[in-house]
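Read off the chains here:
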2 protein chains.
Amino acid sequence: MINYDQFLSNTAKGMKRSEIRELLKLTRKPGIISFAGGLPAPDLFPIDDIKEMCKIVLEKEGKTALQYGPTEGDNRLREELAKMMNKDGVNISSDHILIVTSSQQGLDLVGKIFVDPGDVIMISRPTYVGAIQAFHSYGAKMMGIELDQEGTQTILLEAEIVKLAAKGSKPKFIYEIPDFQNPSGITMSLKRRKELIRIAEKYDLIIVEDSPYRQLRFEGKSEPSLIGMNSERILSLYTFSKILLPGFRLGWMAGPSELIQKAVTAKQSVDLCSSPFNQSILYEYLSRGLLEKQIIVIGKAYKEKRDFMLDKMTQYMPKLPGLKWTQPQGGLFLWVTLPESMDAGEMFIAAVEKQVAYVVGSAFYPDSGGSNCFRMNFSYSSMAEIEEGVKRLAQVIDTWKGRRETSIITP
Amino acid sequence: MINYDQFLSNTAKGMKRSEIRELLKLTRKPGIISFAGGLPAPDLFPIDDIKEMCKIVLEKEGKTALQYGPTEGDNRLREELAKMMNKDGVNISSDHILIVTSSQQGLDLVGKIFVDPGDVIMISRPTYVGAIQAFHSYGAKMMGIELDQEGTQTILLEAEIVKLAAKGSKPKFIYEIPDFQNPSGITMSLKRRKELIRIAEKYDLIIVEDSPYRQLRFEGKSEPSLIGMNSERILSLYTFSKILLPGFRLGWMAGPSELIQKAVTAKQSVDLCSSPFNQSILYEYLSRGLLEKQIIVIGKAYKEKRDFMLDKMTQYMPKLPGLKWTQPQGGLFLWVTLPESMDAGEMFIAAVEKQVAYVVGSAFYPDSGGSNCFRMNFSYSSMAEIEEGVKRLAQVIDTWKGRRETSIITP
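Residues numbered from 1 in each chain as written. Chains lettered and ligands numbered in written order. Predicted model: local features only at pLDDT ≥ 70, side-chain atom pairs only at ≥ 80, totals over all residues. Heavy atoms only, no water.

Taken together, the contacts link 87 residues of chain B with 88 residues of chain A. For the chain B and chain A pair, buried surface summed over both sides reaches about 7400 Å², with 58% attributable to carbon and sulfur atoms. When the buried area of chain B at its contact with chain A is split by residue, Tyr4(B), Phe7(B) and Leu66(B) rank highest and sum to 10% of it. The interface formed by chain B and chain A holds 6 salt bridges in total. Among the salt bridges present, the one from Asp43(A) reaches Lys63(B), with a minimum N-O distance of 2.9 Å. The tally of links from chain B across to chain A stands at 47 residue pairs in polar contact (both at pLDDT 80 or more). Elements that contribute at least two residues to the side of chain B that touches chain A include exactly helix 1 (10-14), helix 2 (19-26), helix 3 (47-65), helix 5 (103-114), helix 6 (129-137), helix 10 (257-270) and helix 11 (276-287) of chain B. For the side of chain B that touches chain A, the per-class residue count stands at 39 nonpolar, 24 polar and 24 charged. (Contact = heavy atoms within 4.5 Å. Buried area = accessible area lost by both parts, 1.4 Å probe. Salt bridge = Lys/Arg side-chain N within 4 Å of Asp/Glu carboxyl O. Polar contact = N/O pair within 3.5 Å; in protein donor to acceptor, adjacent residues only side chain to side chain. Helix = DSSP H or I, 4+ residues; strand = E, 2+ residues; numbered from the N terminus. Nonpolar A, V, L, I, M, F, W, Y, C, P; charged D, E, K, R; others polar.)

The following block contains the structure:
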């Protein structure tokens with residue numbers, strides 16, 4: 001028997017498999033209605049268009065598309081993305097864009113270029129579990145700032161930064177998901193965005209803006225993106241996974257060229273380049289204006305699903321003091337808070353037995369917290385599944401509400 | 001002006017952009033014949049087959065192929081790869097295989113799961129520049145062991161390991177490219193392979209076997225792969241980039257399940273999963289036996305190119321004492337050694353002026369060394385380009401042979 005542990009890095013020793021992804025496996029059993037994953041609706045994938053673009057790419061430029069490509073990404077695609085961002089109020093050129101192998105790679109590169117073990121970074125409580133994992137793997141010390149209905153509480157954020165400054169320290173960056181935050185669904189108000197930028201300027205900080213859902217607004221006015229408000233201090237991450245499809249594993253990073261250059265160098269040692277084939281297909285798709293149309297299609301469909309889920313929540317959920325959920329204006333998720341005495345982690349097994357699944361809130365906290373919360377996705381399931389799933393979940397909550405003490409005694 | 005340096009990790013501060021990839025940019029100018037990149041011949045890409053497989057995948061399973069997939073990779077593809085490895089004498093099941101986003105990602109994951117800053121790893125001198133970059137980014141201290149015609153000199157390797165042991169230390173792993181090594185083209189003899197395994201067992205070590213070219217043998221008998229000789233101590237990396245096409249960015253890692261599981265967890269934070277779309281296309285391609293046929297086609301074509309390049313080298317190169325090159329039995333590269341007084345780095349500018357390019361030998365050394373060597377690729381260029389390129393290079397060497405001192409004086 002070989003003792004493999006002796007060879008492992010501290011990172012590997014400290015790694016835990018993602019709770020979400022482990023739970024996702026449970027939820028793949030037939031019959032389960034899963035509100036767990038952040039999966040887009042596969043029925044909306046534009047399969048015929050993609051088939052057409054594959055054909056075009058392979059006939060027109062197969063030899064280039066199937067070869068290695070530049071680390072920065074396909075220049076034509078970068079230009080299309082710069083144009084798209086220009087329309088969103090961001091004054092940026094393609095030189096400021098790096099194509100990444102999914103925005104999860106963007107998060108890994110952020111960890112690689114910024115974080116040494118023990119470095120402090122600021123995050124929200126709760127926040128995206130994949131970001132926690134990526135930053136954790138570089139040994140980041142994550143300081144969590146509570147969210148409220150307007151987003152990260154910038155007063156608390158500033159207070160922590162002042163405390164760090166008193167110790168001669170400062171965070172390597174502030175990690176934010178301003179639009180339809182994962183997992184809470186909350187969008188940061190304009191006032192808070194301005195405050196955040198003011199803080200970054202005052203204390204000479206940079207912000208990593210994670211923007212997977214920004215284009216998925218169903219109603220209300222879009223606030224400016226952080227990178228649109230300050231192009232010098234913000235590094236932004238975007239992905240095609242939610243607005244088009246995840247199967248290509250493509251996203252992009254935008255920001256000051258000094259930082260983009262560092263990310264390019266880091267990417268050379270990570271995967272040389274993102275798939276030139278998939279990039280070519282995307283370029284053809286974007287250059288025909290198809291993505292803009294697709295985003296409208298998706299937005300409409302997800303709005304209906306959100307409305308329907310909210311409706312069914314109101315209809316089926318038991319009237320319990322403290323039981324509440326968010327009303328997001330876009331994105332993919334509702335965030336449900338149970339009465340404080342209830343534990344969403346303990347209730348999870350009962351939910352899976354009842355054939356319905358969610359993600360336990362504690363997964364979105366780097367330390368403790370969120371144990372009476374869970375995240376529900378409304379983009380993936382069909383209308384019939386949403387109704388049936390909410391009904392089952394309401395029953396589980398209703399049965400479970402008095403059971404906490406019992407479950408602790410059970411072995 | 002923002003001082004971005006203050007936010008950078010030690011890794012980012014220490015990162016140098018890959019010399020190879022920077023030079024590759026120079027060599028993309030029109031008119032230049034480049035022997036620099038390790039690029040496969042695009043004329044051999046099976047474009048029509050890929051087009052057909054794309055169509056099949058999108059029609060049959062578009063909704064799954066364009067969705068997220070499991071981190072471990074497509075099970076069907078993993079099974080095909082296990083079968084392929086079984087035929088190569090490796091007793092392995094699909095549980096021991098992880099699909100990676102190119103074998104460069106495999107190297108990055110190896111760095112992530114094994115290396116803490118300052119950890120010693122053993123490499124060959126010279127070795128693959130992308131491995132140096134990946135391990136460097138995790139702060140590895142690389143100890144280089146000289147190669148000879150039989151591969152890494154295991155006597156020297158053992159001596160270094162004994163020295164480390166005397167200090168109470170040992171390497172985290174030994175990195176090897178046993179078949180048609182990059183950059184040297186050298187294949188490790190069976191005797192040395194056995195020695196290497198004996199050393200790993202005696203000193204309780206693991207070996208990372210990088211195998212991008214193994215299937216590209218043009219002649220002679222294949223030696224067993226290291227993982228075929230010991231499945232407990234070897235983690236092997238393979239890629240589709242050289243045997244099929246690089247544009248999908250797919251490869252695989254095979255090894256003990258304890259280590260594969262660690263790599264899976266690390267991959268969750270790095271890119272969640274490799275492109276399910278590209279994996280589905282590859283599965284369809286492999287399951288029809290097309291890859292085996294394609295490897296035969298590629299092997300034949302590259303053998304002709306190697307023969308032709310060796311021929312032209314003999315024909316055109318000046319007769320200089322000390323000027324020599326390897327005669328690889330497979331792979332993609334020749335390794336040229338100039339007389340000791342000559343510097344391939346200084347000569348590179350003259351070569352590019354003469355419209356021909358190679359990779360300077362020093363790129364393949366983590367410290368110093370290789371300054372009078374360079375690597376030539378024979379897979380990418382056409383026959384006509386090979387002849388003309390070798391002719392140009394011979395002229396450059398001939399003109400440059402007495403010039404070293406002059407060039408040093410030049411500012």
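Turning our eyes to something else, we now look at the pattern of salt bridges. Note on pairing: side chains with opposite charge can pair once their charged atoms come close. Counted by the stated rule, this structure contains 62 salt bridges over all chains. Across the salt bridge formed by Arg125(A) and Glu146(A), the nearest N and O atoms sit 2.6 Å from each other. Taken together, the residues Arg125(A) in strand 3 (residues 120-125) and Glu146(A) in strand 4 (residues 141-148) connect sequence positions 21 residues apart. For Arg125(A), a relative accessible area of 15% puts it in the buried group. Close ionic contact of Glu158(B) with Lys202(B) constitutes a salt bridge, the shortest N to O distance being 3.8 Å. Here Lys202(B) lies in helix 8 (residues 190-202) and Glu158(B) lies in helix 7 (residues 154-166), a separation of 44 residues in the sequence. On the basis of relative accessible area, Lys202(B) is assigned to the exposed category, the value being 54%. Because the salt bridges share partners, they merge into one network encompassing Asp88(A), Asp179(A), Arg193(A) and Arg214(A). (Buried < 20%, exposed > 50% of the residue type's maximum accessible area, 1.4 Å probe, protein only.)

A ring pair, where both rings are aromatic, is described by two values, the distance of the centres and the angle of the planes. As enumerated under the stated definition, the model contains 23 aromatic pairs over all chains in all. Relative to Phe173(A), the ring of Phe114(A) lies with its centre 5.6 Å away and its plane at 55°, an arrangement referred to as tilted. Here Phe173(A) lies in the loop between helix 7 (154-166) and strand 6 (174-176) and Phe114(A) lies in helix 5 (residues 103-114), a separation of 59 residues in the sequence. We classify Phe173(A) as buried; its relative accessible area is 0%. Ring geometry for Phe218(B) against Phe378(B): centres 6.2 Å apart, planes inclined by 65°, an arrangement best described as edge-to-face. Here Phe218(B) is found in the loop between strand 7 (207-210) and helix 9 (226-229), whereas its partner Phe378(B) is found in the loop between strand 14 (373-377) and helix 14 (383-400), with 160 residues between them in sequence. (Phe/Tyr/Trp six-rings, centres within 6.5 Å; stacked < 30°, edge-to-face > 60°.)

With that settled, consider the relation of the copies chain B and chain A. Relative to chain A, chain B is turned by 180° and slid 0.0 Å along the rotation axis, the superposed coordinates differing by an RMSD of 0.0 Å. Such a combination of turn and shift is consistent with a two-fold rotation axis. When each C-alpha of chain B is compared by its distance to the rotation axis, Cys54(B) comes out closest, at 3.6 Å. Most of the interface of chain B is mirrored in chain A, where 100% of its interface residues are also at the interface. (Least-squares fit on C-alpha atoms with pLDDT ≥ 70 in both.)

The subject of this paragraph is the packing of helix 5 of chain A against helix 10 of chain B. Interaxial distance between helix 5 of chain A and helix 10 of chain B falls to 7 Å at its minimum, and their mutual angle equals 95°. As summarised for this structure, helix 5 of chain A and helix 10 of chain B are arranged roughly perpendicular, according to the angle between their axes. Contact residues: Gln104(A), Gln105(A) and Asp108(A) in helix 5 of chain A; Gln268(B), Ser269(B) and Val270(B) in helix 10 of chain B. By residue class, the composition of the contact of helix 5 of chain A with helix 10 of chain B is 1 nonpolar, 4 polar and 1 charged. (Axes fitted to C-alpha atoms, helices over the stretch in contact; angles between N-to-C directions. Parallel < 35°, antiparallel > 145°, perpendicular 65-115°, else oblique.)

So, on to the sheet that holds strand 11 (residues 333-337) of chain B. Residue and element names in this part refer to chain B. Strand order in this open sheet of 4 strands is 10-11-14-13, and the pairing throughout is antiparallel. Every other strand in the sheet has two partners, leaving strand 10 (324-325) and strand 13 (359-360) as the edge strands with one partner each. Here strand 10 runs beside strand 11; their pairing, made up of 2 bridges, is antiparallel. Across the sheet, residue Lys324 finds its bridge partner in strand 11, namely Thr337. Docked against the sheet, helix 12 (residues 290-316) engages strand 10, strand 11 and strand 14, running at close to 20° with respect to strand 11. (Pairing = 2+ DSSP bridges.)

On to the domain arrangement of chain A, then. Residues and elements named next belong to chain A. Taken as a whole, chain A is organised into domain 1 (4-45 + 293-409) and domain 2 (47-288). Put simply, the middle of domain 1 and the middle of domain 2, counted by C-alpha atoms, are 25 Å apart. Counting residues at the interface gives 34 residues for domain 1, matched by 32 residues for domain 2. Both sides together, the interface formed by domain 1 and domain 2 hides about 3000 Å², and carbon and sulfur atoms give 62% of it. Taken together, the links from domain 1 to domain 2 amount to 2 salt bridges. Across the salt bridge formed by Glu219 and Arg306, the nearest N and O atoms sit 2.9 Å from each other. Counting residues per element, the ones that place at least two in the side of domain 1 that touches domain 2 are helix 1 (10-14), helix 2 (19-26), helix 12 (290-316) and strand 11 (333-337). (Domains from an automatic or database assignment.)

Strand order in the open sheet formed by 4 strands is 10-11-14-13 (chain A), and the pairing between neighbours is antiparallel. The open sheet has two free edges, formed respectively by strand 10 (324-325) and strand 13 (359-360) of chain A, since each of these has just one partner strand.

This structure, assessed with the given rule, holds 3 cavities of 30 Å³ or more. Roughly 60 Å³ of internal volume is contained in the largest cavity. In terms of lining, the largest cavity is formed by 13 residues, of which the most central are Thr101(A), Phe248(A), Ser275(A), Thr101(B) and Phe248(B). A per-class count over the lining of the largest cavity returns 4 nonpolar, 7 polar and 2 charged. Quantified by volume, the second largest cavity comes out at close to 50 Å³. (1 Å grid on protein atoms, 1.4 Å probe; cavity = no way out; pocket = protein on both sides within 12 Å on 5 of 7 lines; lining within 4 Å. Points joined across faces, edges and corners; volume = space filled by probe spheres on them.)

Our focus in this paragraph is helix 6 of chain B. Residues and elements named next belong to chain B. For helix 6, a buried count of 8 out of 9 residues is recorded, marking the element as mostly surrounded by other parts of the structure. Those residues of helix 6 not exposed but buried are Val129, Gly130, Ala131, Ile132, Gln133, Ala134, Phe135 and Ser137. Once helix 6 finishes, Gly139 follows within two positions and takes phi at roughly 80°, a positive value.

Another point: the pairing of strand 3 of chain A. In summary, the side chains of a regular strand alternate between the two faces of the sheet. Residues and elements named next belong to chain A. For strand 3, the buried fraction is high: 6 of the 6 residues fall into the buried class. Summarising the sheet, strand 3 and strand 4 pair through 6 bridges and their orientation is parallel. Across the sheet, Ile123 pairs through a bridge with Gly144, a residue of strand 4.

Taking 1.5 Å as the rise per residue, helix 8 of chain B with 13 residues should run 18 Å; its terminal C-alpha atoms sit 18 Å apart, in good agreement. Directly after helix 8 of chain B, the chain includes Asp204(B), whose backbone phi takes a positive value near 55°. (Expected span 1.5 Å × (residues − 1).)

Our next topic: the packing of helix 4 (residues 75-87) of chain A against helix 11 (residues 276-287) of chain A. All names here are of chain A. In the contact formed by helix 4 and helix 11, the axes pass within 9 Å of each other and the chain directions differ by 40°. It follows that helix 4 is oblique to helix 11 by the angle criterion. By crossing handedness, the relation of helix 4 to helix 11 is classed as left-handed. Within the contact between the two elements, helix 4 uses Arg76, Leu77, Glu80, Leu81 and Met84 and helix 11 uses Gln279, Ser280, Leu282, Tyr283, Glu284, Leu286 and Ser287. Among the residues making up the contact of helix 4 with helix 11, the classes are represented as 6 nonpolar, 3 polar and 3 charged. (Left-handed = near helix turned anticlockwise from the far one by under 90°.)

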